[in-house]
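# Architecture and fold: a report
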Amino acid sequence: MKVYVPRDAAARSLGSDQVAHAVILEASRRGVSVDLVRNGSRGMVWLEPMVEIETAEGRTAFGPMTPADVPALFDAPAKHPKALGPVDQIPWFARQTRLTFARVGLIDPLSLADYEAHGGLSGLRRALEMDGDAQIDEMKLSGLRGRGGAGFPTGIKWDTVRLAHADQKYIVCNADEGDSGTFADRMLMEGDPFTLIEGMAIAGVTVGATKGYVYIRSEYPDAIFQMTEAIRIARLNKLLGPMLLGTGPAFDMEVRVGAGAYVCGEETSLLNSLEGKRGTVRAKPPLPALHGLFGKPTVVNNVISLATVPWIFANGAQAYKDFGLGRSRGTIPLQIAGNVKRGGLFETAFGMSLGEIVEEVGGGTASGRPVKAVQVGGPLGAYFPASKFATPFGYEEFDGQGGLIGHAGVVVFDDGVDMLQQARFAMEFCAVESCGKCTPCRIGAVRGVETIDRIAQGDAAAMPLLVDLCDTMRDGSLCALGGFTPYPVMSALTHFPDDFARMKEAAE
Amino acid sequence: MLDTADFSSRLQEIIAAHLPMEGPLLPILHAVQAEWGHIPEPAVPVIANALNLGRAEVHGVVTFYHDFRAVQAGATVIKVCAAEACQAQGGRDLVQATLRAFGLKDFGTTLDGRVTVEPIYCLGLCACGPAAIVGERLVGRASVERIQEAAQ
Ligand SMILES: Cc1cc2nc3c(=O)[nH]c(=O)nc-3n(C[C@H](O)[C@H](O)[C@H](O)COP(=O)(O)O)c2cc1C
Ligand code: SF4
Ligand code: FES
Ligand code: FES
């Protein structure tokens, strides 16, 4: 009997280790031999811990499971009270277009054989047969843009690094994933780490870099463990090392752990941190592509950008580009979170409307109360009211509505939320996490908290001050921490003015 | 208590193990903190010397990052997520309730040194919040009861 119990951090936080333990116990009690696989999560977090059993009809799911639910799995699985049927027929799952996440939850994350059996390494093999121009053309044609937030075309970035002359170049994977409401990088690294390794290897081959770093935030112990193990296994099997796959050029990589600074997700701050310095932001230019890690040409890409590369090379750039909307090509792993009935990771082509994502996919709020606001793109993203639910998910489309998609986190709030408090939190977060390099961010955010507190006490005169402050931060900050904090603040103020007037009325 | 021969030799070991790395400072600091639960002040000049850095420079790095502690934390460290997706699921109340449960007015360590409660900004458990991490145990859909249970 083959049983899958996720080792994903979200599943573990809901008790999947105890469920796995119960499976082993029950099997030995009954004298049944089980092959227990600790897979990644399929992304249906509200069903975690979600157990799967391999049957003649394919993989069937059960969830959310507790240890007490385990014995019945061994009796008549089809009649199990937590039975969900075949995984690929669960509507939430069936509705997705899983390219980057195709193997996450499906395979044993640390089995290279399983990885290859499910299409792994075919992208790297194809890349190794192509010359540099063809590799870059493939990337450019795919239309892939950075999934870390800024949406810069990945192929163009790579080309800059490729054309730079240097004795050493680097591939740096940004796995700092600090945005609240996001967990795609974490799930990918925990559930299919070889995909990231393969993507980084293809990047190395394409630009002529021999060394890679994955900078993972310290808040992700499971991802750190899984990535480190996967790299060790890849090296052992000569996937990484002096000759990629035994025939290609040299490429090796290692994991580095962050130290709890949100700003270190900003690429130049991240590079400083990797070099062992304070994580302050560097002025651009020079671009990291030309003057990056230790001053060498460096590709800095998000986990999802890099983990999508193997699919592009395995299936062709055109196939990837055929998905999407406008200038947002391919798929995006949405992370649906907060007060939502069906939260999790949902990969789909760009273009689904925010309303569809929240109401249809997410099923509305978990509390059953009306949705009041949806924050898209992390702590620097705008709060959207329900009146903007028609906005299609795409870089330009969200920009046009005064927002951003960022790393594609979608956080749902019900009508219990106080938007003044959310605006205050945005300023407070900026003040705590500011790298301190520029005044509008360092001082402005502290002033922002004070100003919002004045508004909360009924001082309406503070309102224009807040607007001015946001303008100053937007125009005068070196990076998007100070520069974009006005997004959540101003969107809260603009779309939910009642929450800012409430105290004033009370005072009158 | 720390500047014993034991401390020095262990510190030298840690430094030597990481010296071949590119950019070894953060890995060294992580290893030092894993060993002693904080970055002991006497370690700073030794690390600085080994890496050819100024003492102030190393000190500046230590203080920049939230993870590095100047003093040891309580026996159990509880980090409760204070970020937006958890706020949407009752995270603000959970933070307050957790502090109250351990008799704390604000983030910090209990007088008996048994527990430290701190905020954390996202654990990537945003679809099953509010979330916390107790020692090394992740707690999804956390409640004060589940946090206390994990802290046992
Ligand atoms: C304050 C701040 C935090 C950021 N955090 C992240 C992050 O956690 N992960 C990430 O990939 N990009 C983050 N970015 C964006 C990076 O600076 C950079 O654009 C990205 O890593 C480039 O990779 P991509 O082109 O693949 O998106 C952040 C930017 C800022 C200003
Ligand atoms: S905006 Fe803030 S975080 Fe960004 S460089 Fe300036 S001070 Fe640093
Ligand atoms: S340098 Fe960060 S926004 Fe321009
Ligand atoms: S916001 Fe709390 S775990 Fe992500």
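Residues numbered from 1 in each chain as written. Chains lettered and ligands numbered in written order. Predicted model: local features only at pLDDT ≥ 70, side-chain atom pairs only at ≥ 80, totals over all residues. Heavy atoms only, no water.

### Some details on the domain arrangement of chain B
The domains assigned to chain B are domain 1 (4-64) and domain 2 (76-151). Domain 1 of chain B and domain 2 of chain B are separated by 30 Å when their C-alpha centres are compared. (Domains from an automatic or database assignment.)

### Concerning the domain arrangement of chain A
For chain A, the assigned domains are domain 1 (2-95), domain 2 (112-322), domain 3 (324-414) and domain 4 (419-500). Computed over C-alpha atoms, the centres of domain 1 of chain A and domain 4 of chain A are 46 Å apart.

### Looking at the sheet that holds strand β4 (residues 132-134) of chain B
All names here are of chain B. Pairing in this open sheet of five strands is mixed, and the strands run β2-β3-β1-β4-β5 from one edge to the other. Because the sheet does not close on itself, it has two edges, and the strands there are β2 (108-109) and β5 (137-139). With six bridges joining them, strand β1 (residues 76-81) and strand β3 (residues 115-120) adopt parallel strand pairing. Residue pairing across strands places Ile78 opposite Val117, the latter belonging to β3. (Pairing = 2+ DSSP bridges. Helix = DSSP H or I, 4+ residues; strand = E, 2+ residues; numbered from the N terminus.)

### What to know about the site of ligand 2
Around ligand 2, 13 residues are found, and the nearest of them are A:Cys435, A:Lys437, A:Cys438, A:Cys441 and A:Cys479. Here the shell around ligand 2 is built from residues that sort into eight nonpolar, four polar and one charged. (Near = heavy atom within 4 Å. Nonpolar A, V, L, I, M, F, W, Y, C, P; charged D, E, K, R; others polar.)

### Some words on the site of ligand 1
Residues and elements named next belong to chain A. Neighbouring ligand 1 are 20 residues; Gly148, Asn174, Asn301, Asn302 and Ser305 lie closest to it. Val300 has a polar backbone atom sitting 3.5 Å from an oxygen atom of ligand 1. Measuring from an oxygen atom of ligand 1, one finds a side-chain N or O atom of Ser305 at 2.6 Å. Look at ligand 1: alone it shows 610 Å² of surface, and the protein chains cover 92% of it. Mapped onto the shell around ligand 1, the elements with two or more residues apiece are β9 (298-302) and α19 (480-484). If you tally residues by element for the shell around ligand 1, the top one is β9, at three residues. A per-class count over the shell around ligand 1 returns five nonpolar, nine polar and six charged. (Polar contact = N/O pair within 3.5 Å; in protein donor to acceptor, adjacent residues only side chain to side chain. Areas by Shrake-Rupley, 256 points an atom, 1.4 Å probe, with all protein chains shown as cover.)

### Details of the pattern of salt bridges
Residues and elements named next belong to chain A. What the rule picks out here adds up to 42 salt bridges over all chains. Measuring nitrogen to oxygen at the nearest pair gives 3.1 Å for the salt bridge that ties Asp159 to Arg162. Separated by three residues within a single helix, Asp159 and Arg162 lie in helix α7 (residues 154-163), roughly one turn from each other. With a relative accessible area of 21%, Arg162 lands in the partly exposed category. A salt bridge links Arg327 to Glu396; the shortest N-O distance between them is 3.2 Å. With a gap of 69 residues between them, Arg327 in the loop between β10 (324-325) and β11 (328-329) and Glu396 in helix α15 (residues 395-400) connect regions that are remote in the sequence. Taking the relative accessible area as the measure of exposure, Arg327 reaches 56% and is therefore exposed. What makes Glu396 partly exposed here is its relative accessible area of 29%. Here the residues in one salt-bridge network are Arg7, Arg12, Asp17, Arg38 and Asp222, joined through shared partners. (Salt bridge = Lys/Arg side-chain N within 4 Å of Asp/Glu carboxyl O. Buried < 20%, exposed > 50% of the residue type's maximum accessible area, 1.4 Å probe, protein only.)

### Some details on the UniProt feature "binding site: [2Fe-2S] cluster" (unreviewed entry) in chain B
All names here are of chain B. UniProt records the feature "binding site: [2Fe-2S] cluster" (unreviewed entry) at Cys81, Cys86, Cys122 and Cys126, using the numbering of this structure. Despite a sequence span of 46 residues, these residues sit close together in the fold, their greatest C-alpha distance being 9.3 Å. Residue position: Cys81 is located in strand β1. Classification of Cys81 by relative accessible area gives buried; the value is 3%. Ignoring anything within four residues of it in the chain, the contact list for Cys81 reads Cys86, Val95, Ile120, Cys122 and Ala131. Examined against the element boundaries, Cys86 turns out to sit in helix α5 (residues 84-87). According to the relative accessible area criterion, Cys86 is buried, its value standing at 3%. Ignoring any residue separated from it by four or fewer positions in sequence, one finds Cys86 in contact with Cys81, Gly91, Gly129, Pro130 and Ala131. (UniProt positions renumbered as here; feature names shortened; annotations may be inferred. Contact = heavy atoms within 4.5 Å.)

### Re the side chain of A:Arg42
Residue and element names in this part refer to chain A. Checked against the element boundaries, Arg42 lands in the loop between β2 (35-37) and β3 (51-55). Relative accessible area serves as the criterion here: at 6%, Arg42 is assigned to the buried category. At 3.5 Å, the side chain of Arg42 and the backbone oxygen of Gly105 are in polar contact. Dropping the residues within four chain positions of it, Arg42 is found in contact with Glu48, Met50, Glu52, Arg59, Val87, Phe93, Arg98, Val104, Gly105, Leu106 and Leu345.

### Structural notes on the interface of chain B and chain A
Taken residue by residue, the interface counts 39 residues in chain B and 62 residues in chain A. Carbon and sulfur atoms make up 56% of the surface buried where chain B meets chain A, a total of about 3600 Å² over both sides. Its largest share of buried area at the contact with chain A, chain B owes to B:Glu22, B:Phe64 and B:Glu84, together 20% of the area lost on that side. Counting every contact that joins chain B to chain A gives zero salt bridges. (Buried area = accessible area lost by both parts, 1.4 Å probe.)

### Overview of the packing of aromatic side chains
Residue and element names in this part refer to chain A. Per the counting criterion, the structure on display carries 18 aromatic pairs over all chains. An angle of 65 degrees between the planes, with centres 5.7 Å apart, marks the rings of Tyr383 and Phe413 as edge-to-face. With Tyr383 in strand β15 (residues 383-385) and Phe413 in strand β16 (residues 409-414), this pair connects stretches of sequence that are 30 residues apart. Judged by relative accessible area, Tyr383 falls into the buried class, the value being 1%. (Phe/Tyr/Trp six-rings, centres within 6.5 Å; stacked < 30°, edge-to-face > 60°.)

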